[in-house]
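# Survey of secondary and tertiary structure
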Amino acid sequence: MLLNKILFPKVIIPISRPLLFRSQMTRFMSTEIRKAIDDAVASAPVVLFMKGTPEFPQCGFSRATISLLGKQGVDPAKFAAFNVLEDPELREAIKEYSDWPTIPQLYVNKEFVGGCDVITSMATSGDLADVLDEANALVPEEAEDGVVTDEKK
Ligand SMILES: N[C@@H](CCC(=O)N[C@@H](CS)C(=O)NCC(=O)O)C(=O)O
Ligand code: FES
C-alpha cells in the first residue's frame, strides 16, 4: 500500500471520492419511486426504459435496441416502453434501481437484462431470442407485426 502511494499517489486519492458519493446516492431513491419502478417493470413481460418512444427514439442506442426487439418479433401486447426523457426523476432512479449507469435498459419478466451492447451481443448469439421465447413474449409465427419500430413506419 505504501509502495502504491509512492508510485501512484494520484490514482489512490481520486478513487475514494466516487465511492463515498455512490454510498450517499444509494440512499437517495424514495420508497415511492422504487414502488413506481417496481410497477413499471412488472407492467409487461418485456419492458424498455429508453430515450424517446418506440415510434420516435431520441437516441441511437435506444433506436438500436428497439429495432433489435422489433426484429426478434417481440409482441407489442407483451411490451411496454418508458420514456426517461419525460421524467428526469425516473431517468436517475432507474440507474440506481438496476445498478446500471446508462439508458436504454431492458427488463424481461422483471429481471434486468442489460443495455444496448448486451442486447446486441445477445441478439447475435441467439440468447435474446431464447430469453424472449421463454418469456412467451414473441408474436405467434403466423402473425405479422412485431413491436413498431421507426424502420417500419
Ligand atoms: N453502452 C451503452 C450505451 C448507452 C449509453 O451510453 N447511454 C448514455 C447516453 S444515451 C446514457 O444513458 N447516459 C446517461 C444519461 O443520459 O442519463 C449500452 O450498452 O447501453
Ligand atoms: S442521447 Fe446522446 S448518445 Fe444517447
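The structure we're discussing is the one just above.
Here is what the cut-offs are and how they apply
The written sequence of each chain sets the order in which its residues are numbered from 1. Key to labels: chains lettered from A, ligands numbered from 1, both in the order written. Local features are withheld for residues below a pLDDT of 70 in this predicted model, meaning they are given only at 70 or higher, and side-chain atom pairs are given and counted only at 80 or more; totals for whole chains, interfaces and linings count all residues. The basis for the side-chain values is all heavy atoms of the structure; hydrogens and waters are excluded. Strands qualify as paired when DSSP identifies two bridges or more between them. Under the scheme used here, helices are H or I runs from DSSP no shorter than 4 residues and strands are E runs no shorter than 2 residues, and both carry numbers assigned from the N terminus. We call a residue near a molecule or strand as soon as one heavy atom of that residue lies within 4 Å of the molecule or strand. Distance and chemistry together define a polar contact, namely a pair of N or O atoms within 3.5 Å, with one atom able to donate a hydrogen and the other to accept it when in protein, and with adjacent residues in sequence counting only for side-chain atoms on both sides. Reported accessibility uses the Shrake-Rupley method at a 1.4 Å probe radius. Residues are deemed covered only where the shown protein chains occlude them. Polar here means any residue outside two lists: the nonpolar Ala, Val, Leu, Ile, Met, Phe, Trp, Tyr, Cys and Pro, and the charged Asp, Glu, Lys and Arg; Gly therefore counts as polar. Ring pairs shown here join Phe, Tyr and Trp side chains whose ring centres sit within 6.5 Å, with only the six-membered ring taken for Trp; geometry is labelled stacked below 30 degrees between planes, edge-to-face above 60, and tilted in between. Classification of residues uses two cut-offs on accessible area relative to the type maximum, computed with a 1.4 Å probe and protein chains only: under 20% is buried, over 50% is exposed, and between them is partly exposed.

### Considerations on the pairing of strand β4 (residues 111-114)
Alignment of strand β3 (residues 105-108) against β4, held across three bridges, turns out to be antiparallel. Paired with L106 across the bridge in β4 is G114. The antiparallel hairpin formed by β3 and β4 contains two residues in its connecting segment, where N109 sits at a positive phi of about 50 degrees.

### Thoughts on the site of ligand 1
Near ligand 1 the following residues occur: K51, C59, F61, R91, K95, T102, I103, P104, G115, C116 and D117. A distance of 2.7 Å separates an oxygen atom of ligand 1 from a polar side-chain atom of R91. One of the backbone nitrogen or oxygen atoms of I103 is found 2.8 Å away from an oxygen atom of ligand 1. In the complex, the protein chains occlude 75% of the 490 Å² of accessible area that ligand 1 would expose alone. Of all the secondary-structure elements, those providing two or more residues to the shell around ligand 1 are α5 (88-98) and α6 (116-125). For the shell around ligand 1, the per-class residue count stands at five nonpolar, two polar and four charged.

### A closer look at the packing of aromatic side chains
Here the structure, examined in full by the defined rule, presents five aromatic pairs. With centroids separated by 5.9 Å and ring planes inclined at 80 degrees, the aromatic side chains of F49 and Y107 adopt a geometry described as edge-to-face. With F49 in strand β1 (residues 46-50) and Y107 in strand β3, this pair connects stretches of sequence that are 58 residues apart. Residue F49 shares its accessibility class with Y107, and that shared class is buried.

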